[in-house]
Amino acid sequence: LASDVMTVQQKLELQTSMYKLQEHRDMKPSVFNNMLSSFLYARRFGPYFVEPLVAGLEGPDNKPFISGQDLLGASVFTDDFVVCGTSEQELFGTCESFFKPNLEPDELFETIAQCMLAAVDRDCLAGWGGVVHILTPEK
Amino acid sequence: LELSTHAAANFIRNELARAIRSRGGPHQANSLLGGVDEDGASLYHLDYLGSLEKVDFGAQGYCSYFSLALMDRHWKKNMTLEEGKELINLCIEQLKTRFIINNPRYRLIAVGKDGKI
């Protein structure tokens, strides 16, 4: 639900800002993932209708961290890819085929773009445009 | 200190979002909020469930199915008031031809930085 996406974003920004002020450091993606999970489960019987994905780099060696959650906060950690949306099923297919570990940023960009393009072509509700964000240690 | 359009839109959005899970249920009001402030003119599209989007042009209700298509095609940045009026008239023409409900009269209100033009 678009409204819940904004509400959850605003409430999470509050949590992360408070954490940053109290701990004097950024919240790690794995910690954020667990916080989000508790936050969503707290509304077990009246949930926020969101399906969040968490992505970030953590630790001194900037190891990639990705995870996906359902609306109740059940999270799954993978080391390859996570997908969600109306084209979820299609994306699972394309990502499974195209993914290779240890890709360079440019290669990763190309891979993601191709996965998304192929997936949305088979979904009547998706395909107006796409945005790819690549996170690197240098930002 | 004047209330900016962005601030007003977000305030209303938060009230709407609060209401959806309240005892009384959501406020049944889809809105378009427009205003002129220090950053210029802006338009916000609000849903009765509390979604918010800043848009260049917008429409609500069944008329939106017709109007948004025309505006997608003909809108461009920094249109003059006259060009804007032409676009609105184009939408109204289409609604008169294709829309199932007959609305014989339309009211056009233009808003600028000093209020109603």
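Anything mentioned here points back to the structure above.
What this report covers is the structure whose coordinates are included nearby. Just so it is clear, the model here is predicted, and its values are computed rather than measured. (Residues numbered from 1 in each chain as written. Chains lettered and ligands numbered in written order. Predicted model: local features only at pLDDT ≥ 70, side-chain atom pairs only at ≥ 80, totals over all residues. Heavy atoms only, no water.)

## Some details on the nonpolar core
Then step 1. Counting 12 residues, the largest nonpolar core consists of A:Val8, A:Leu12, A:Tyr19, A:Met27, A:Met35, A:Leu36, A:Phe39, A:Leu40, A:Tyr48, A:Val50, A:Val54 and A:Phe65.
Then step 2. Those elements that place two or more of their residues in this core are α1 (2–23) and α2 (29–41) of chain A.
Then step 3. For this core, the element with the highest residue contribution is α2(A), accounting for four residues.
Then step 4. Excluding residues that lie within four positions of it along the chain, A:Phe39 makes contacts with A:Val8, A:Lys11, A:Leu12, A:Gln15 and A:Tyr48.
Then step 5. Ranked by size, the runner-up nonpolar core spans eight residues in total, among them A:Met6, B:Ala9, B:Tyr44 and B:Leu52. (Core = buried A, V, L, I, M, F, W, Y, C linked by side-chain atoms within 4.5 Å. Buried < 20%, exposed > 50% of the residue type's maximum accessible area, 1.4 Å probe, protein only. Helix = DSSP H or I, 4+ residues; strand = E, 2+ residues; numbered from the N terminus. Contact = heavy atoms within 4.5 Å.)

## Some remarks on the packing of α1(A) against α2(A)
Residues and elements named next belong to chain A.
Then step 1. Where α1 meets α2, the closest approach of the two axes is 11 Å, and the angle between their N-to-C directions is 125°. As judged from the angle between their axes, α1 and α2 are oblique. Our pair here, α1 against α2, has a crossing hand that is right-handed. Of the residues in α2, those touching α1 at Val8, Lys11, Leu12, Gln15 and Thr16 are Phe32, Met35, Leu36 and Phe39.
Then step 2. Residues that form the contact of α1 with α2 fall into these classes: six nonpolar, two polar and one charged. (Axes fitted to C-alpha atoms, helices over the stretch in contact; angles between N-to-C directions. Parallel < 35°, antiparallel > 145°, perpendicular 65-115°, else oblique. Left-handed = near helix turned anticlockwise from the far one by under 90°. Nonpolar A, V, L, I, M, F, W, Y, C, P; charged D, E, K, R; others polar.)

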